[in-house]
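Survey of secondary and tertiary structure
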Amino acid sequence: MTQVAFPKLLSSQIAFDIARSIQDGFDKHYRLFREASQAAKRHFETANWPVAQRAARERIDYYDQRVQEAVHALEDDYAPEDLADHVWREIKLHYIGLLSGHKQPELAETFFNSVSCHILHRTYYHNDFIFVRPVISTEYIDTEELQPVYRVYYPAADGLRFAVKRIVTNFQLACPFAALDRDVALVEARMLDTFGLHQTEPNQQFQVLSNLFFRNKGAYIVGRAINGARDYPFVIPVLHNRRGELVLDTVLTDPEQIGILFSFTRAYFLVDMEVPSAYVEFLRSLMPRKPKSEIYTLLGLQKQGKTLFYRDYLQHLKHSSDRFHSAPGIRGLVMLVFELPSFPYVFKVIKDFYPPPKDTTRAQIKEKYLLVKHHDRVGRMADTLEYSDVAFPLARFSEELLAELRRHAPSLVEIEGERIIVKHLYIERRMVPLNMYLTEAEKAGDEARIEHGILEYGNAIRDLVAANIFPGDMLYKNFGVTRQGRVVFYDYDEIEAITDCVFRDIPEARNEEEEMAAEPWYPIGKHDVFPEQFGRFLLGNSRIRHYFLKHHADLLTRAWWQAHKDHILAGEVHDIFPYPQHIRFHHPITTPAPSSTYAPSFWRTNT
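The rules behind each value
Residues numbered from 1 in each chain as written. Predicted model: local features only at pLDDT ≥ 70, side-chain atom pairs only at ≥ 80, totals over all residues. Heavy atoms only, no water. Salt bridge = Lys/Arg side-chain N within 4 Å of Asp/Glu carboxyl O. Buried < 20%, exposed > 50% of the residue type's maximum accessible area, 1.4 Å probe, protein only. Helix = DSSP H or I, 4+ residues; strand = E, 2+ residues; numbered from the N terminus. Core = buried A, V, L, I, M, F, W, Y, C linked by side-chain atoms within 4.5 Å. Contact = heavy atoms within 4.5 Å. 1 Å grid on protein atoms, 1.4 Å probe; cavity = no way out; pocket = protein on both sides within 12 Å on 5 of 7 lines; lining within 4 Å. Points joined across faces, edges and corners; volume = space filled by probe spheres on them. Nonpolar A, V, L, I, M, F, W, Y, C, P; charged D, E, K, R; others polar. Expected span 1.5 Å × (residues − 1). Pairing = 2+ DSSP bridges. Phe/Tyr/Trp six-rings, centres within 6.5 Å; stacked < 30°, edge-to-face > 60°.

So, about the pattern of salt bridges. Scanning all chains against the criterion turns up 33 salt bridges. Across the pair Asp158 and Arg166 runs a salt bridge whose closest N-O atoms are separated by 3.6 Å. Owing to a relative accessible area of 30%, Arg166 belongs among the partly exposed residues under this scheme. The salt bridge involving Asp493 is made with Lys358; its shortest N-O contact spans 2.9 Å. Here Asp493 is found in the loop between β16 (487–489) and β17 (496–497), whereas its partner Lys358 is found in the loop between β9 (345–350) and α12 (362–374), with 135 residues between them in sequence. An identical accessibility class is assigned to Asp493 and Lys358; each is buried.

Pasting the structure below:
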């Protein structure tokens, strides 16, 4: 790749002005981003969940709005001839100079790329004109802060219980705790039991991030305990009880449970970060297997997550030699899905044509994916990365895959020399399709796996309903199994809001002719749903039917679906716990169903 050569003199005033304008656009974006994160604390303290949800959704669009503002400003103020190649090279060099001492240089570089890619042709997408590689180091930025990124507590000097209490009270939440001393004692006992802190090493300490993490109806204290050569991650969820008082709901100490809390299947956290790279490094120490791209994304910095993901993808291409081919499983009617076996993601392209019974358009499908991006995914919907004009090495594509792309999505495929350009696609974490998981379990005679798959499938449906999502197509092929064994929905082209659905019982036939008719004898509206019909296409296998009826028979009744719709219409916010019920300190608000591992409960918005 061509190296950027610094000219002897950066003389272009236009280049400097444009660089300053782009930086101003980024600084405005991040100021608003932080203000939304700071407001999350107020929403939590007042338990104003509808406003909190709306603010979290709106924050997702801040980045694109600021990018569009910056692009329009440049297009309005400068003629195309003002932006010659040598000028754009100078713009980048001036921009690098402006980022000296910046607190979010990596984000500002990505913002520059976003603006540039709206103006430049894709042939300019290399390091002379955009930040293909990062330039400004993010090392040790936090050491310049008057208020450090994390606070340190010394339980050996103060006592473990007092240290935990100080950790909690230092956040100065403006609402009372129900029984803080009781909760702190429970946290202390759990930590002693899990971490073995009875034996004190000279360096024993707690390091706790200075700002709370907010999502849905929870605030999360994130830290690590250090004792000798061992580090122990922990997260303390803070919730409201029925009376509006605060409780420490549990303490997460299992790295796998912490990984699920910070999963790609959940909505983005709101956390106030002046130096986001320092927060990312801290979280990476708690979850060393999670790539930085995912950590930036879970913090709501999804554009930076996309940038790092793409850099990782390019590095993987350089150091691998396997070929892209169609992903295993049943072919979809709407999406063409392919994969690189050595890379743990799948690439999804919307087809140009959809055979019956599909009745949709590319624009409608993109709207569904955007809806999921803005929605609370409650741990049951995969986050997607959306890209345009992605270049792949043509030689790495199998002939079969290339033929499929040309047959099903010709408008999105373009060949440029040794590259194939896909004009629009989505990228998701690769999972085992649930239908394949169940088939393999049945072949192996593994009853426990079959039961687990069906139990998790039903729990996924319940959690989606709690988030006001009707999956539409509930076939097992549209759900995947993660490496933690959780079932996640990933096919969004038919989702609807539960509140838009009309749940009905099938009317009784008036005569034998109606009962034996090939077509329904009753009118069916566009949004009508008949839950008793689900069994016809879900329960043909006797083993699956047994476990489904054992755990989820109520999902086949109109009454269950209508009751949940009524709860949502009444303004009740369904609470989904991102950790198992059995590790909670307090009794759940309602008694969980015995089949549900992550049992939800309804909390009214005015509690």
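Moving on from the model shown.
Ranked by internal contacts, the top residues of the largest apolar core, which has 64 residues, are Ile91, Tyr95, Phe213, Phe262, Leu283 and Leu299. In contact with Ile91, not counting residues within four places along its chain, are Ala15, Ile18, Ala19, Leu83 and Phe112. By size, the runner-up hydrophobic cluster in this structure holds 49 residues, among which are Val334, Tyr354, Tyr426 and Leu538.

If a probe the size of a water molecule is rolled over the atoms, the empty space left behind becomes visible. Going through the model one piece at a time under the given rule, you end up with three cavities of 30 Å³ or more. The space that makes up the largest cavity amounts to roughly 230 Å³. Lining the largest cavity are 21 residues, and of these Phe264, Glu294, Thr297, Asp383 and Leu385 sit closest to its centre. Of all the secondary-structure elements, those providing two or more residues to the lining of the largest cavity are α10 (292–298), α11 (302–318) and β12 (419–429). For the lining of the largest cavity, the leading source of residues is α10, giving four residues. When grouped by side-chain class, the residues that make up the lining of the largest cavity number nine nonpolar, four polar and eight charged. The volume enclosed by the second largest cavity comes to roughly 140 Å³. Lining the second largest cavity we find 14 residues, and of these His29, Tyr63, Gly300, Leu301 and Lys303 sit closest to its centre. Those elements that provide at least two residues to the lining of the second largest cavity are α1 (13–45), α2 (49–77), α4 (105–119) and α11.

A few words on α1. Owing to its 3.6 residues per turn, the α-helix aligns residues three or four sequence positions apart on the same side. End to end, α1 covers 49 Å across 33 residues, agreeing with the expected 48 Å (1.5 Å per residue, within 8%). Ala47, located one to two residues past α1, shows a positive phi value of around 55 degrees.

Another point: the pairing of strand β8 (residues 335–339). Remember that side chains alternate between the two faces of the sheet whenever the strand is regular. Where burial is concerned, most of β8 is hidden: four out of the five residues are buried. In the sheet, strand β7 (residues 325–326) pairs with β8 via two bridges, with the strands oriented antiparallel. Counterpart to His325 in the pairing with β8 is Glu339. In this structure, β8 lies alongside β9, joined through five bridges in antiparallel fashion. Note that in β9 the partner of Glu339 across the bridge is Val346. In sequence, β8 turns back onto β9 through a hairpin of five residues.

Before going further, it helps to spend a moment on the layout of surface pockets. A volume near 1400 Å³ is recorded for the second largest pocket. Taken together, 36 residues make up the lining of the second largest pocket; nearest its centre are Pro357, Gly472, Glu494, Lys526 and Asp528. Of all elements in the fold, only α12, β19 (528–529) and α17 (534–538) reach the threshold of two or more residues within the lining of the second largest pocket. Here the residues of the lining of the second largest pocket are counted per class, giving 17 nonpolar, seven polar and 12 charged.

The next subject is the packing of aromatic side chains. Summed over the entire model, instances satisfying the criterion amount to 50 aromatic pairs. The interplanar angle of 75 degrees and the centroid separation of 6.0 Å between the aromatic rings of Phe213 and Phe262 together place this pair among those described as edge-to-face. Of the two residues, Phe213 sits in strand β3 (residues 213–215) while Phe262 sits in the loop between α8 (255–261) and α9 (276–286), which places them 49 residues apart along the sequence. Under the relative-accessibility criterion, Phe213 is labelled buried at 0%. The exposure class assigned to Phe262 is buried, which follows from its relative accessible area of 1%. Consider the rings of Phe470 and Trp561, whose centres lie 5.7 Å apart with planes at 80 degrees: the pair is edge-to-face. With a gap of 91 residues between them, Phe470 in strand β14 (residues 469–470) and Trp561 in helix α19 (residues 558–569) connect regions that are remote in the sequence. Phe470 gets classed as buried once you look at its relative accessible area, which sits at 7%. In textbook terms, an aromatic cluster arises when at least three aromatic residues are bridged by ring pairs, as seen for Phe309, Tyr310, Tyr313, Phe324, Phe338, Phe343, Tyr345, Phe347, Tyr387, Phe392 and Phe397.

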